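# Tertiary structure, described
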Amino acid sequence: MASGQDIRNDEKAQGAAAVLGGGVIYDSTVDEDIRNQRIDLPQPGRGRADMLCSTGSPSTGPSTPSMSENDNVDNDNTDNDHSRDLEAISTVATNTPPWSVFTPRQKKFIVFMVACAGFFSPLSANIYFPALNTLSVDLNVSSSLINLTLTSYMIFQGLAPTVFGDLADMAGRRPAYAIGFVVYIGACIGIALCDSYSALLVLRCLQSTGSSATIALGSGVVADLATSAERGTYMGWATAGPMIGPAIGPVLGGILSQFLGWRSIFWFLVIIAVAYLIPFLITFPETGRNVVGNGSIPPQKWNQSLLAHLHTRHQTGSSSPNDLSETITRDSAREVQAVMAKGRKLSWPNPLNTLHIIAEKDCALLLFYNSIVYTAFYDVNASTPALFAQIYGFNDLQIGLSFIPFGVGCFLAPVLIGKLLDWNFRRIAKKTGLVVDKKRATELKDFPLEKSRIQVAWPLMLIGDAALLCYGWVMDVNAPLAAPLILQFIMGLTLTGSFNAMSVMLVDLYPLSPATATAANNLVRCLMGAGGTAIIIYMIDAMGRGWCFTFIALVVLATSPIMWVLVRWGPEWREERRLRVIRRKEELEDKERAKSADKEDKKGDTG
């Protein structure tokens, strides 16, 4: 007959297994999951807590008996040479825990904070546009040299997330956000005080490094909270913040530059960044799945928000020592925390991890086409101050106000397109017989994921490309102001919508390393965009306004068959990747079993 202590130990283990089962999804098809999740392969002789991490996938390898009959945690471990595709390999049972334990209200608050954080990167880029002419005069440099500060900003906008994305997938979202904002605030103070072009160039790079991380981190947080069935809507709201930047940034920049001087722009950025960072540290919870699982596992004390810390202290102080269930829950949580901390190995972030994603065929094509669309979008933005000053004789304030239609289109795009993406996902799921559960990860191995996203993207792209073509000739004939503003609104709505739809698809492909995946997206699009902004003025001078934007529109159109290629061969490439990772996993398991057998033989010989 089992003793009371044994029963209590078993209850603790079952409670821990339940928390772990709901907290961490271990079946992943990207080998870098091992580095990001820091979970070791099962080994004989491990303790009870370690066994909680060791249940194998029923379809891909031998399994170690689970501590709870109703908790099935897959532990598909691979190496660092492939890309991850969790939802394409995991089979979700009806009794699986929810993808996230955060309530709808909590999710909305978290996404709101993410959207506000993502607001700073495009704000810092666009608030700068109206002051370009003033900066050129004050620092005694040419317009081309001032435009290099835009180019350098975009280069680091692509490079920085490769570091911060890896850090966030490894240590959690909160630390990456906090470090990014500290760097950003310091850079803004430096720019406000600088007196030379070289200092401006360097500090703009540093400013971009701190602020641009928020875009990749935002996608990571959304993937922590939402399944593919509802990811479009949440991604829409999360990217609405970054899209407000093009609408508000130039207006604010024009007002500040016109009446207070260009330095006031950067003091303004310091003030609002500090005003955001304080409530962020107080309220924002950790969501990283390798730190808190689905939100049911408390993070490390140093990584808790102030509210979470106070709540934990209140629970500890108010709980009765005779309450067995409370004791089991706390002990189970500590046990799981110890397991995850032991398996999670923090190291210096490796920006080269994004190259594993870029090397995949489907992702390489997707990222390349996304970068083409983004470059076309940003070329319109970057050329607007110079063109509107030449054609309409606008000052800084008027140039800033002229960005409003473009920004309004950018703001509406992610919200509207996000809902459309979710609707199309449900429509195709119903047609294919897929049962969609918004609270749990869905089996997507046989689902036409690429089709569900690209069906929304391609009509938007065609409309936006046509508007881009017309925009060039409208500017060429010095048309009335209403014409380019209407076309800019259409481009903001459609090109941004197309870009966001394909970005959601990228996160769908890599839901456990979304920050790294989005960093890869930023890297390619920003480097391409940086090249475009560096030469757009030269192209307009050499080709004329009409032919310059005609050429850009034709490049977008010529590369558009990539979307058809992804719909046609994308599912096949995903399946090849899935099978490749399964084979690699089985090889690793065979090696571990061989090592274990050798150890047992040596013990037998010694005995």
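Now for a description of the structure that goes with this document. (Residues numbered from 1 in each chain as written. Predicted model: local features only at pLDDT ≥ 70, side-chain atom pairs only at ≥ 80, totals over all residues. Heavy atoms only, no water.)

### Remarks on the packing of aromatic side chains
- As enumerated under the stated definition, the model contains 23 aromatic pairs in all.
- The interplanar angle of 40° and the centroid separation of 5.7 Å between the aromatic rings of Tyr374 and Phe499 together place this pair among those described as tilted. A residue pair is termed long-range when its members are at least 10 positions apart, and Tyr374 in helix 17 (residues 361–392) and Phe499 in helix 21 (residues 482–509) qualify at 125 residues. Accessibility classification places Tyr374 together with Phe499 in one group, the buried group. (Phe/Tyr/Trp six-rings, centres within 6.5 Å; stacked < 30°, edge-to-face > 60°. Helix = DSSP H or I, 4+ residues; strand = E, 2+ residues; numbered from the N terminus. Buried < 20%, exposed > 50% of the residue type's maximum accessible area, 1.4 Å probe, protein only.)

### Re helix 23 (residues 545–559)
- Given a rise of 1.5 Å per residue, 15 residues ought to cover 21 Å, and the 22 Å separating the end C-alpha atoms of helix 23 matches this to within 8%.
- Regarding helix 23, the residues found buried are Arg545, Gly546, Cys548, Phe549, Thr550, Ile552, Ala553, Val556 and Thr559. (Expected span 1.5 Å × (residues − 1).)

### So, the side chain of Arg173
- Relative to the elements of secondary structure, Arg173 occurs in helix 9 (residues 173–193).
- At 2.8 Å, the side chain of Arg173 forms a polar contact with the side chain of Asp224. (Polar contact = N/O pair within 3.5 Å; in protein donor to acceptor, adjacent residues only side chain to side chain.)

### A closer look at the packing of helix 19 (residues 404–432) against helix 20 (residues 449–476)
- Packing of helix 19 against helix 20 leaves a shortest axis separation of 9 Å and a crossing angle of 135°. Classified by the angle between their axes, helix 19 and helix 20 sit oblique to one another. Note that helix 19 runs across helix 20; the crossing there is right-handed. Of the residues in helix 20, those in contact with Ile417, Leu420, Leu421, Asn424, Phe425, Arg427 and Ile428 of helix 19 are Leu449, Lys451, Ser452, Arg453, Gln455, Val456 and Leu460.
- Here the residues of the contact of helix 19 with helix 20 sort into 8 nonpolar, 3 polar and 3 charged. (Axes fitted to C-alpha atoms, helices over the stretch in contact; angles between N-to-C directions. Parallel < 35°, antiparallel > 145°, perpendicular 65-115°, else oblique. Left-handed = near helix turned anticlockwise from the far one by under 90°. Contact = heavy atoms within 4.5 Å. Nonpolar A, V, L, I, M, F, W, Y, C, P; charged D, E, K, R; others polar.)

### Examining the environment of Gln455
- Locating Gln455 in the fold gives a position in helix 20.
- Put simply, Gln455 and Asn424 are 31 residues apart on the chain and 8.2 Å apart in space, counted from C-alpha to C-alpha.
- Those residues within four positions of Gln455 in sequence are excluded, and the remaining contacts are Asn424, Arg427 and Ile428.

### Quick word on unusual backbone geometry
- One non-glycine residue, Asn140, adopts positive backbone phi at about 60°.
- With respect to the element layout, Asn140 can be found in the loop between helix 7 (132–138) and helix 8 (143–171).
- Since its relative accessible area comes to 67%, Asn140 is described here as exposed.
- One non-glycine residue with positive phi stands out, namely Asn478, at about 55°.
- Relative to the assigned elements, Asn478 resides in the loop between helix 20 and helix 21.

### Brief notes about the side chain of Ser208
- By secondary structure assignment, the location of Ser208 is in helix 10 (residues 197–225).
- For Ser208, a relative accessible area of 0% puts it in the buried group.
- Dropping the residues within four chain positions of it, Ser208 is found in contact with Tyr153, Phe156 and Gln157.

### Regarding helix 21
- Compared with an ideal rise of 1.5 Å per residue, which puts 28 residues at 40 Å, helix 21 spans 41 Å between its outermost C-alpha atoms and is within 8% of the ideal.
- Taken across its 28 residues, helix 21 has 22 buried, putting it largely inside the fold.

### A word on the packing of helix 17 against helix 21
- Remark: helix 17 packs on helix 21, axes separated minimally by 10 Å, with the N-to-C direction vectors making an angle of 155°. In this view, helix 17 runs roughly antiparallel relative to helix 21, as classed from their interaxial angle. You can see that helix 17 and helix 21 cross each other, and the crossing is left-handed.
- A per-class count over the contact of helix 17 with helix 21 returns 19 nonpolar, 5 polar and 1 charged.

### Quick look at the environment of Ala501
- Tracing the backbone shows Ala501 in helix 21.
- Remark: the alpha-carbon pair of Ala501 and Val456, spanning 45 residues in sequence, is separated by 7.0 Å.
- In this structure, Ala501 is in contact with Ile417, Leu421, Arg453 and Ala457, ignoring residues within four places of it in sequence.

### Comments concerning a positive patch on the surface
- Taken together, Lys591, Lys595, Lys599, Lys602 and Lys603 make up a surface patch of like positive charges.
- Secondary-structure assignment places Lys599 in helix 24 (residues 561–606). (Patch = residues over 30% accessible without salt bridge, like charges linked within 9 Å, V, L, I, M, F, W, Y side chains within 5 Å. Areas by Shrake-Rupley, 256 points an atom, 1.4 Å probe, with all protein chains shown as cover. Salt bridge = Lys/Arg side-chain N within 4 Å of Asp/Glu carboxyl O. Lys, Arg positive; Asp, Glu negative; His and termini not counted. Charge placed at Lys NZ, Arg CZ, Asp CG, Glu CD.)

### Focus: the pattern of salt bridges
- The full count for this structure, using the stated rule, is 9 salt bridges.
- Linking Arg173 and Asp224 is a salt bridge whose minimum nitrogen-to-oxygen distance equals 2.8 Å. Of this pair, Arg173 sits in helix 9 while Asp224 sits in helix 10, and the two are 51 residues apart along the sequence. The same class applies to Arg173 as to Asp224, namely buried.
- Salt-bridge contacts for Glu576 lead to Lys361; the nearest nitrogen and oxygen are separated by 3.4 Å. With a gap of 215 residues between them, Glu576 in helix 24 and Lys361 in helix 17 connect regions that are remote in the sequence.
- On the basis of relative accessible area, Lys361 is assigned to the partly exposed category, the value being 45%.

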